[in-house]
Amino acid sequence: KFFISDKLQQLGFEPKREKRIDVENGYRVIDVYYEDSGRKVGVEIECSTSDIGNKLRALEQLDVIVLAYSTEESLQRMKDWLTQHGRELQQKVRMVLLTAYLKELQSLIGRNSSGQKSDDWTKGGSGSDGTKGGRK
């Protein structure tokens, strides 16, 4: 959580750790939350694939959720689950290996030594979570 929020901050975002968001019949606590050009993005660090339905409830209040898995096995199980149960969610869910996500953020920091977020931040790649495609 600290590494991800630190890297997002270096990229010019204002991340919040342990952000509480209200959902129907309760609330969810998102590991890392930030906004990218008005889009609400949540990052969840995952060690397993348990309680997926509850985690995806956060999409009631988010535009995108990044599920960063600690193991390749857990990542693959989630991809399989999403293919079977959540096709409509695939545009709003990004699944990555945690180490790859941290490297991606670090690479973006290196490309933008000023540390300031560009207005074109989400243009260029998929832009789904503020990190694909990089800065222009």
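Please refer to the structure higher up on the page.
The structure presented is a predicted model; accordingly, all values stated were derived computationally and were not measured. (Residues numbered from 1 in each chain as written. Predicted model: local features only at pLDDT ≥ 70, side-chain atom pairs only at ≥ 80, totals over all residues. Heavy atoms only, no water.)

Chemist: What's the story with the pairing of strand 4 (residues 64-69) in this structure? I'm lost.
Modeler: The side chains of a regular strand alternate, first on one face of the sheet and then on the other. Among the six residues in strand 4, six count as buried, and that is most of the element. Pairing analysis gives six bridges linking strand 3 (residues 39-46) to strand 4, with the strands arranged parallel. Note that in strand 4 the partner of V43 across the bridge is V66. For strand 4 and strand 5 (residues 93-97), the ladder comprises five bridges, and the chain directions are parallel. (Buried < 20%, exposed > 50% of the residue type's maximum accessible area, 1.4 Å probe, protein only. Helix = DSSP H or I, 4+ residues; strand = E, 2+ residues; numbered from the N terminus. Pairing = 2+ DSSP bridges.)

Chemist: Could you clarify how one ought to interpret unusual backbone geometry in this entry?
Modeler: Apart from glycine, the bulk of residues carry a negative phi angle, and the bulk of peptide bonds sit in the trans form. For E18, which is not glycine, the phi dihedral falls at a positive 55 degrees. Since its relative accessible area comes to 40%, E18 is described here as partly exposed. The backbone of S37 shows a phi angle near 55 degrees, a positive value even though the residue is not glycine. Within the secondary structure, S37 is located in the loop between strand 2 (26-36) and strand 3.

Chemist: In this structure, what is going on with the nonpolar core? I would like to understand it.
Modeler: The tendency in soluble globular proteins is for nonpolar side chains to be buried as a group. Ranked by internal contacts, the top residues of the largest apolar core, which has 18 residues, are I4, L8, Y34, V43, V66 and Y101. For this core, the element with the highest residue contribution is helix 4 (residues 98-111), accounting for six residues. (Core = buried A, V, L, I, M, F, W, Y, C linked by side-chain atoms within 4.5 Å.)

Chemist: Could you clarify how one ought to interpret the environment of Y27 in this entry?
Modeler: Mapped onto the elements, Y27 comes out in strand 2. Classification of Y27 as partly exposed rests on a relative accessible area of 45%.

Chemist: Looking at this structure, how should I read the packing of helix 1 (residues 2-10) against helix 4?
Modeler: The relative placement of two packed helices is expressed as an angle between their axes plus a distance between the axes. Where helix 1 contacts helix 4, the two axes come as close as 9 Å, and the packing angle between them is 20 degrees. One way to sum up the angle between helix 1 and helix 4 is to call them roughly parallel. The two elements helix 1 and helix 4 cross, and the hand of that crossing is left-handed. Facing F3, I4, K7, L8 and Q10 of helix 1, the residues of helix 4 in contact are L98, Y101, L102, L105, Q106 and I109. Its residues assigned to classes, the contact of helix 1 with helix 4 shows eight nonpolar, two polar and one charged. (Axes fitted to C-alpha atoms, helices over the stretch in contact; angles between N-to-C directions. Parallel < 35°, antiparallel > 145°, perpendicular 65-115°, else oblique. Left-handed = near helix turned anticlockwise from the far one by under 90°. Contact = heavy atoms within 4.5 Å. Nonpolar A, V, L, I, M, F, W, Y, C, P; charged D, E, K, R; others polar.)

Chemist: What exactly am I supposed to notice about helix 3 (residues 72-85) here?
Modeler: Every α-helix winds through 3.6 residues per turn, so residues three or four apart in the chain are directed the same way. For helix 3, built from 14 residues, the straight-helix expectation of 20 Å at 1.5 Å per residue is met to within 8% by its first-to-last C-alpha distance of 20 Å. Along helix 3, the positions that sit buried rather than exposed are S74, L75, M78 and L82. Looking straight down helix 3, one finds its buried side chains confined to an arc of 100 degrees; they lie on one side. Of the residues in helix 3, the exposed ones pointing more than 90 degrees away from the buried face are E73 and Q84. (Expected span 1.5 Å × (residues − 1). Arc of directions from axis to C-beta.)

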